[in-house]
Amino acid sequence: MHPDFELYDNAGRSTEQINSYKTHTPTSGDLHRWATYDAAEFTDSLALAESGSDINAWADQMHRARTTAEFYAVTEAVLGDGTSALGALHEFLENAADWCDRNQEPGIADRYRRKADQLAQLGDQLAILGEDHLARTYAPFPAHRTQHGQVPVQAPSERPPRTPPPSAPRRTR
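Per chain, the residues get numbers from 1 upward, laid out in the order the sequence is written. With the structure being a predicted model, the display of local features is reserved for residues of pLDDT at least 70 and the display and counting of side-chain atom pairs for 80 or more, all residues being used for whole-chain, interface and lining totals. Note that water and hydrogens are dropped before the side-chain values are worked out from all heavy atoms of the structure.

Novice: Break down the overall build of the protein chain for me, with residues and values.
Specialist: Helix and strand assignments come from DSSP, with helices taken as H or I runs of at least 4 residues and strands as E runs of at least 2, each series counted from the N terminus. From N to C terminus, the protein chain includes eight helices and zero strands. Walking the protein chain from its N terminus toward its C terminus, one meets helices and strands in the order α-α-α-α-α-α-α-α. Classification of residues uses two cut-offs on accessible area relative to the type maximum, computed with a 1.4 Å probe and protein chains only: under 20% is buried, over 50% is exposed, and between them is partly exposed. Residues classed as buried in the protein chain amount to 14% of the 173 residues present. When checking whether two residues touch, look at their non-hydrogen atoms; a contact exists if any pair is within 4.5 Å. Taking contacts inside the protein chain between residues at least 6 apart in sequence as the whole, the part at least 24 apart equals 26%. When the accessible area of the protein chain is evaluated, it comes to approximately 14,800 Å², of which 56% is carbon and sulfur surface. Note on areas: Shrake-Rupley with a 1.4 Å probe; residue coverage comes only from the protein chains shown.

Novice: Describe the pattern of salt bridges, and please don't skip the residues or the numbers.
Specialist: Definition used for salt bridges: Asp or Glu carboxyl oxygen within 4 Å of a side-chain nitrogen of Lys or Arg. Tallied over the full model, the rule gives four salt bridges. In this structure, R66 and E70 form a salt bridge, with 2.7 Å as the shortest nitrogen-oxygen distance. Residue D98 pairs with R113 through a salt bridge whose shortest N-O separation is 2.8 Å. Taken together, the residues D98 in helix α7 (residues 85-102) and R113 in helix α8 (residues 106-137) connect sequence positions 15 residues apart. You can call D98 partly exposed: its relative accessible area is 31%. One salt-bridge network, in which partners are shared between bridges, spans E94, D98, D101 and R113.

Novice: Tell me about α8, and please be specific about residues and values.
Specialist: The terminal C-alpha atoms of α8, which comprises 32 residues, lie 46 Å apart, in line with the 46 Å expected from a rise of 1.5 Å per residue. For α8, the full list of buried residues reads A109, A116, L119, G123, G130, L134 and T137. Lining the buried residues of α8 we find α6 (68-79) and α7. Each residue after the first adds 1.5 Å to the expected span of a helix.

Novice: Describe α6, listing the residues and the values that go with them.
Specialist: Under the 1.5 Å per step criterion, the end-to-end length of α6 is 15 Å for 12 residues, consistent within 8% with the ideal 16 Å. All of the buried residues in α6 are T68, V74, T75 and V78. The buried residues of α6 occupy one face: seen down the axis, they fall within an arc of 125°. Each C-beta atom gives one direction from the helix axis, and the arc is the one those directions make.

Novice: Requested: an account of the packing of α6 against α8, with residues and values cited.
Specialist: Here the axes come from fitting lines to C-alpha atoms, over the contacting stretch only for helices, and the angles between their N-to-C directions go from 0 to 180 degrees. Axis separation between α6 and α8 bottoms out at 11 Å; the angle between their running directions is 170°. As the angle between them shows, α6 and α8 are arranged roughly antiparallel. Every residue of α8 that contacts α6 at T68, F71, Y72 and L79 is listed here: L126, G130, H133, L134 and T137. Only Asp, Glu, Lys and Arg are considered charged in this grouping, and only Ala, Val, Leu, Ile, Met, Phe, Trp, Tyr, Cys and Pro are considered nonpolar; every other residue, Gly among them, is considered polar. Partitioning the contact of α6 with α8 into residue classes produces five nonpolar, four polar and no charged. Just so you know how the angles are binned, under 35 degrees is roughly parallel, over 145 roughly antiparallel, 65 to 115 roughly perpendicular, and the rest oblique.

Novice: How would you summarise the packing of α7 against α8 if you had to cite specific residues and measurements?
Specialist: Each pair of packed helices can be summarised by the angle the axes make with each other and by the distance between the axes. Direction vectors running N to C along α7 and α8 enclose 165°, while the axes themselves pass 7 Å from each other. Relative to α8, the element α7 lies roughly antiparallel. Of the two elements, α7 crosses α8, and the hand of that crossing is left-handed. Where α7 abuts α8, its residues L86, L89, H90, L93, E94, A96, A97, D98, C100 and D101 lie against P106, I108, A109, Y112, R113, K115, A116, D117, L119, A120, G123 and L126. Classifying every residue of the contact of α7 with α8 gives 14 nonpolar, two polar and six charged. Should the near helix be turned anticlockwise from the far one by less than a right angle, the crossing is termed left-handed; should it be turned clockwise, right-handed.

Structure below.
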């Protein structure tokens, strides 16, 4: 091959692969492959379902939702505070940061904490989105008004009265 063409013989290679070759550093794919290989014995011993499998079950439930209230119940279970998937992911990132701190990697720990903070901010934004969605649904305009696939809901005055759920017992010390 002519030397002038070697420089341009990168068909099928990504920018990352070309840069990796030039800088003599591994690609992210290399790093992931090496880590997967090195942790194979450990991961094979884990008796856990594939991460994300539970969230898929909730996504399936979303398709069953017929009203905004049912839709909100599903999204709140996944995105809300407490034991939601988003809350669990936040806790996971905080635990990752703690692990990095214990293993003398404070710079990486700080990055995990920043991502946990960003996730918390996203959670706040998603909570506002959910409240906006509910406010539109329960606003005092006609029940037959819909937009792009929204299921019509009864106006609040047309709904049968509902008794509120019992309040949780108060904790005493």
